[in-house]
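Next come the chains, spelled out residue by residue.
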Amino acid sequence: MEVSHNPDTHPATPHTLLFTTLMIELSTSKLKGNMKSFDKSLEIETEEEDNVQKHENNSEASHNITPLLRDSWKPYKGTRANVKEQLLKLRDCLESVCRIQWYGFAILGILTAVLSFLMDFSVAKLLRAHLWLYAKLEGHVLLQFLCWTLYPACISAFASTFSHNICPFSTGSGIPEVRTMLSGIELPHYLSLTHMFTKFLGLICTLAAGSTVFLGKVGPFVHLSTMLGAYLDRLCRLMEGKKKEAGTEMMVVAAAVGVASCFGAPISGVLFSVEVMSSHFAVRHYCPCFFSAACGALTFHLLSMWSSDGETLQALFKTNFPTASPFFPLETLLFALLGLLCGAVSCCYLFCHRRILKFTKTNRVFSTMLTTEKGLYSGLVVFFLASLTFPYSAGQYLASKCTTKQLLTSLLDSRQWSSQSHNASVQLELGTLDWGSSGAPIFLPLAFFLLMKMWMLVLACTLPLPAGYFMPVFVYGATLGRLFGEGVAYITTGRDILGQRWTSVNPGGYALAGAAAYSGAVTHTLSPALLAMELTGQFTHAVPALLSTLLANALARSRNLPSFYDGLSISKKLPHLPSLKKACPQLPSTPLGQVMGVNSVQLQKAAGPAEVQSAVSNSNEARIPVVDTHESQVFLGSVLRSELLLFLHRCQTQCIEGRLDEVCSIHPNSVMLSPHNTVQEAYNMLSVAPAQTIFVAERGKLVGQITWSEMKLILEGLAKEI
């Protein structure tokens, strides 16, 4: 097939030259004499299609373009050509070792770890400045109170106001949104550079508020890693010369790297990504996830070692568990009982969390403040929480001066606080960490901490701040396990039980198991059991921790209630079907015919250029359905958008009137749905099918089509009914 072009009548525009070249290449390969033999794998880029459409709609204006505008002048052509040549040589050199994408995985892990280290460093400086100012005001209780309360209140109000004004989507955890994007739903606002900058700065301010708000960084940091991964994915595809739409592989890897770079725990980071993030995890993602997570964890450990002048890599939380006899065999039953206790407490916490989220949505005062006065709401709530944690009031029972790392390190102490209270060194250390500063028995501050932090953490979850909720739950579980372990140690130490003398019990082991079990029950995951091992380096309690986590999960999932992240997705009305069906089990069984919109863009097989032009203008889909006639609606198949554009181009350049079925290939569809299929079935097919468009037909007649954009609208409509 020849493409004719008369330069006297049709000035050569960039679009004409582009398609002339394309037509020549196609004619030498697959299109010898007949356009029906187009290769099905042919893909025309969206940018090129838009340019062709613009060319067709504005052809008269394009004839008047001057040569200067058509061939725009650019400076330093020689220098740019040399730089481009060197970059191409560098790319070829790198590709000779491995694919460019693997370099992207390594860079993703390293950059995420650097961001995590910089965030920890900045937060440590801000917390140290707060405590320094508080100590300088010793002897002035009123000034100390104002310093203790106003500092976190002002910094939280600033973070909330800044986030709301710059990027309103940056508040919250970010994990529910990442889960939604990994399922295939597009949420472009959550991957912007503005969002990344706002979330990073807002998270630093949130963490700088200290133990007052008792929030962490895991969730937002996973989101930050995902945003970074999205941009690295674009860069890698640009270097490889690929211009296809971005996949989810880099985002899945980024989710694992986010956890690994927070704690230096690559294995549990990958498992967390599998359990929490992906409803369908491809096995091919395992190697990239582990590779990138290992790069991030190694970088994080190296930066931590160099900043603290350490000599070697070590666990993030130091422990001193005995290795000769870590626990007695009968203690296995006690660890099982601890798991059931953590599961019961997690059910209570999740119930309170769902209730307060619903209350803030339905109560007029809270809803108004969280919509228009986010800074004021954050300031008032944090001021109230800071007043309760003031060291001269209830804060003396809450270890309020301790950071999260200090709290967890003290709770994992293997010594028995209750039986060694007479030991002056232990008493001094407990007083330094605020656990024993009140002089009361150790059971009182631990129990008071659990009682107060339960509702304080629930209230803090309503703050419109970039904040994570995993680490506070992890510490809460460690406190619950510590209280349980201290009780076991107080009762059993030095006594004969079933013919075996219990010389000493390690309460730190119960704290470790409690942290894994409680956080696993709240998030409905098992990876916290391994995370606890990697954080402490104590694999002697791997079996008890896993047992406790399994039993806690079994109890927490017994009634098929939403997990913590599912509750956030439901509250935000996100189009994430696995979360929505936890709130409404019958929702996935909704037939497509009840919720699917009417398909307005279709072509008949005898369509001419005018009808094709109208369909291309009104639809952005890669495939457009073809029916026998508009009256019969008999579904024949689909035609590629790229073929339609070439069909229009040929009709214009050769001034002919052709029919669709005579020029373009109508591709039959082997996978179709009926209106009686459920939303769950359509969702599963979109998740695993390579095609992004699934047509719906009944008795051979076209009814509509399902794409991810259509599925998003369907799920958003169903979420509003919950």
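Presented here is an overview of the structure given in this document.

Rules used throughout
Residues numbered from 1 in each chain as written. Predicted model: local features only at pLDDT ≥ 70, side-chain atom pairs only at ≥ 80, totals over all residues. Heavy atoms only, no water. Helix = DSSP H or I, 4+ residues; strand = E, 2+ residues; numbered from the N terminus. Buried < 20%, exposed > 50% of the residue type's maximum accessible area, 1.4 Å probe, protein only. Areas by Shrake-Rupley, 256 points an atom, 1.4 Å probe, with all protein chains shown as cover. Axes fitted to C-alpha atoms, helices over the stretch in contact; angles between N-to-C directions. Left-handed = near helix turned anticlockwise from the far one by under 90°. Contact = heavy atoms within 4.5 Å. Nonpolar A, V, L, I, M, F, W, Y, C, P; charged D, E, K, R; others polar. Salt bridge = Lys/Arg side-chain N within 4 Å of Asp/Glu carboxyl O. Pairing = 2+ DSSP bridges. Core = buried A, V, L, I, M, F, W, Y, C linked by side-chain atoms within 4.5 Å.

With respect to the overall build of the chain
Counting its regular elements, the chain contains 31 helices and eight strands. Relative to its full complement of 722 residues, the chain shows a buried share of 51%. As displayed, the chain has an accessible area near 32,700 Å², and 61% of this comes from carbon and sulfur atoms.

A closer look at the packing of helix H14 (residues 331-362) against helix H23 (residues 542-556)
Helices that pack against each other are described as a pair by the angle of their axes relative to one another and the distance between those axes. Running from N to C, H14 and H23 cross one another at 35°; their axes reach a closest spacing of 7 Å. As for how H14 packs across H23, the hand of that crossing is right-handed. On H23, the residues touching Thr332, Phe335, Ala336, Gly339, Leu340, Cys342, Gly343, Ala344, Ser346 and Cys347 of H14 are Pro544, Leu547, Ser548, Leu551, Ala552, Leu555 and Ala556. Here the contact of H14 with H23 is composed, by residue class, of 12 nonpolar, five polar and no charged.

Describing the pattern of salt bridges
Inspection of the entire model under this criterion finds eight salt bridges. Here Lys572 makes a salt bridge to Glu177, at a shortest N to O gap of 2.8 Å. With Lys572 in the loop between helix H24 (564-571) and helix H25 (577-583) and Glu177 in helix H8 (residues 175-182), this residue pair connects regions lying 395 residues apart in the sequence. With a relative accessible area of 32%, Lys572 lands in the partly exposed category. For Glu177, a relative accessible area of 2% translates into the label buried. A salt bridge links Lys582 to Asp566, with the shortest nitrogen-to-oxygen separation between them at 3.1 Å. Of this pair, Lys582 sits in helix H25 while Asp566 sits in helix H24, placing them 16 residues apart in sequence.

Some thoughts on the sheet that holds strand S5 (residues 635-640)
One open sheet holds the three strands; their spatial order is S3-S4-S5, and the pairing between them is mixed. With partners counted over all chains shown, the strands left at the sheet margins are strand S3 (603-604) and S5, one partner each. When strand S4 (residues 623-627) meets S5, the two strands line up antiparallel, connected through five bridges. Bridged to Pro625 within S5 is Ser638. Against the sheet, helix H28 (residues 641-653) engages S3, S4 and S5, with an angle of about 75° to S5.

Some details on the nonpolar core
Among the nonpolar cores identified, the biggest contains 155 residues, and Met119, Phe263, Met277, Tyr349, Tyr518, Phe564 and Met711 are the most heavily contacted of them. The leading source of residues in this core is helix H11 (residues 249-263), at 12 residues. Formed by 17 residues, the second largest nonpolar core is a distinct cluster that contains Val601, Val639, Phe647 and Cys651.

Examining the side chain of Ser414
Mapped onto the elements of the fold, Ser414 is located in the loop between helix H17 (404-411) and helix H18 (424-432). Judged by its relative accessible area of 15%, Ser414 is buried. For Ser414, the contacting residues outside a window of four places in its chain are Asn320, Phe321, Pro322, Arg482, Val505, Asn506, Pro507 and Gly508.

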